[in-house]
Amino acid sequence: MIKAKKMPLFENAFELYLNPLIRRSFANVFGKGIVQPPSEPVLFIANHSSWWDGLLFFFLNRSVWRHDVHMMMDEKGLKRYGFFRYLGAFSINRSKPKDILASLQYAEQLLLSGKTVILFPQGEEFHQEIRPLGFSTGIAYLMEHCPDVPAIPVSFYYSFRHERKPEVWVQQGTPFYYAEIPGSARKEKTGSIERAITEQLDQLKSEAVSENTAAFRKFTGRRE
């Protein structure tokens, strides 16, 4: 597997590139419940429907969370965009069980050493309207091995409204721990996590459709 190779100077330089890029690409970035977690490390869990998801995580981390984040990324994508290693990305190859285990164990080591990890349990990008989300059991494995690390669900929803450019709506949910997840076996716990995150994503979609901007903080875009 390809391990992360974080470089603070590269992170600082990338932020100078990314912030204007996000402002040019989106009419608005709306955030609900986006607050700094009370402790480190944290396991962020999110749906995955766009190439932008990882970049938005970096943007929000530099803007609000300020954690030492690492992100699990598909091996093919990381080989194509190798610079993500310097931002904390590490690879997973889901076609090989041994590689999956190696990546999960690496993520476990990161969490146990105080680092924050970002995980997309869908494994790859799917359209945001796809249901079920189809989470892999790796998320339950990781939480089982790091029961004292809180998991925080993050949802992304992309939409067009009244501008030429799209908007992105982001919601940060309530932290939860492994012991709080209903079910006994990993598959059951994975199903419980998936249902909870699906419910949050559907709620976020409803907010976007109803244009409930008052409930959200604007990270970019014009004031309404």
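Our structure is the block above this text.
Residues numbered from 1 in each chain as written. Predicted model: local features only at pLDDT ≥ 70, side-chain atom pairs only at ≥ 80, totals over all residues. Heavy atoms only, no water.

Engineer: Mind laying out the packing of aromatic side chains, listing which residues take part and the relevant values?
Structural biologist: Any two aromatic rings considered together are summarised by their centre-to-centre distance and by the angle between their planes. Evaluated as defined, the whole model comprises 22 aromatic pairs. Plain terms: the ring middles of Phe14 and Tyr17 are 5.7 Å apart, the flat faces sit at 50 degrees to each other, and that makes the pair tilted. Taken as a pair, Phe14 and Tyr17 lie in helix α1 (residues 8-25) at a separation of three residues, close to a single helical turn. For Tyr17, a relative accessible area of 48% translates into the label partly exposed. For the cation-ring pair, Lys189 lies above Tyr178, with the distance from its terminal atom to the ring centre recorded as 4.7 Å. (Phe/Tyr/Trp six-rings, centres within 6.5 Å; stacked < 30°, edge-to-face > 60°. Helix = DSSP H or I, 4+ residues; strand = E, 2+ residues; numbered from the N terminus. Buried < 20%, exposed > 50% of the residue type's maximum accessible area, 1.4 Å probe, protein only. Lys NZ or Arg CZ within 6 Å of the ring centre and 35° of its normal.)

Engineer: Please give an account of the pattern of salt bridges that cites residues and values.
Structural biologist: The final tally for this structure, using the stated rule, is eleven salt bridges. In this structure, the salt-bridge partner of Glu11 is Lys6, at a minimum N-O distance of 3.3 Å. You can call Glu11 buried: its relative accessible area is 9%. Residue Lys6 is classed as partly exposed on the basis of its relative accessible area of 22%. Glu207 serves as the salt-bridge partner of Lys32, at 2.6 Å between the closest nitrogen and oxygen. You can see Lys32 sitting in strand β1 (residues 28-32) and its partner Glu207 sitting in helix α6 (residues 186-209), a full 175 residues away along the chain. As far as burial versus exposure is concerned, Lys32 and Glu207 are alike and both buried. (Salt bridge = Lys/Arg side-chain N within 4 Å of Asp/Glu carboxyl O.)

Fair warning: the whole summary comes from geometry, so function is off the table for now.
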